[in-house]
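Single-letter residue listing:
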Amino acid sequence: MTDQDGSAGGPGCELAPDGDPVRGLTPDPALTGPRADCVLCGEPTEYPAGQPGSTLCPVCTWQQAQRIACAG
């Protein structure tokens, strides 16, 4: 799907700044300040508090990936 200007994504989609989706999903280790809490267990995550979306700690991210992979 493309927007009127020909770019990918819709009104709610935002691409990674440099077009690299992996980099867009990887937290920047240089960021400082308060960290977001995991929405499942409440532990601090690697993401800043202002990170949009549901933030998960590394353990919960791994567990969610296992659940999805085994859902068949």
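Predicted model only: the values in this text are computed from it and were never measured.

To continue, consider the environment of Gly 33. Its location among the elements puts Gly 33 in the loop between α1 (21-25) and β1 (35-37). Between the C-alpha atom of Gly 33 and that of Ala 49, which follows or precedes it by 16 residues, the distance is 7.9 Å.

Another point: the confidence of the model for the protein chain. Per-residue pLDDT for the protein chain has a mean of 74; in total, 57% of the residues score no lower than 70. Mean pLDDT across the secondary structure elements of the protein chain bottoms out at α1, with 64, and peaks at β1, with 90.

This brings us to the state of the cysteines. Throughout the structure, instances matching the rule amount to 0 disulfides. We note that Cys 38 lacks a disulfide partner, and the nearest cysteine sulfur, in Cys 60, lies 3.7 Å from it. With no disulfide of its own, Cys 57 has Cys 60 as its nearest cysteine by sulfur position, at a separation of 3.7 Å.

In this structure, β1 lies alongside strand β2 (residues 44-48), joined through 2 bridges in antiparallel fashion. Paired with Arg 35 across the two strands is Pro 48, which belongs to β2. As consecutive antiparallel partners, β1 and β2 are separated by 6 residues, and within that stretch Gly 42 has a phi angle of approximately 85 degrees, a positive value.

Reading the values: rules and limits
- Residues numbered from 1 in each chain as written.
- Predicted model: local features only at pLDDT ≥ 70, side-chain atom pairs only at ≥ 80, totals over all residues.
- Heavy atoms only, no water.
- Helix = DSSP H or I, 4+ residues; strand = E, 2+ residues; numbered from the N terminus.
- pLDDT = per-residue confidence, 0-100.
- Disulfide = S-S within 2.5 Å.
- Pairing = 2+ DSSP bridges.

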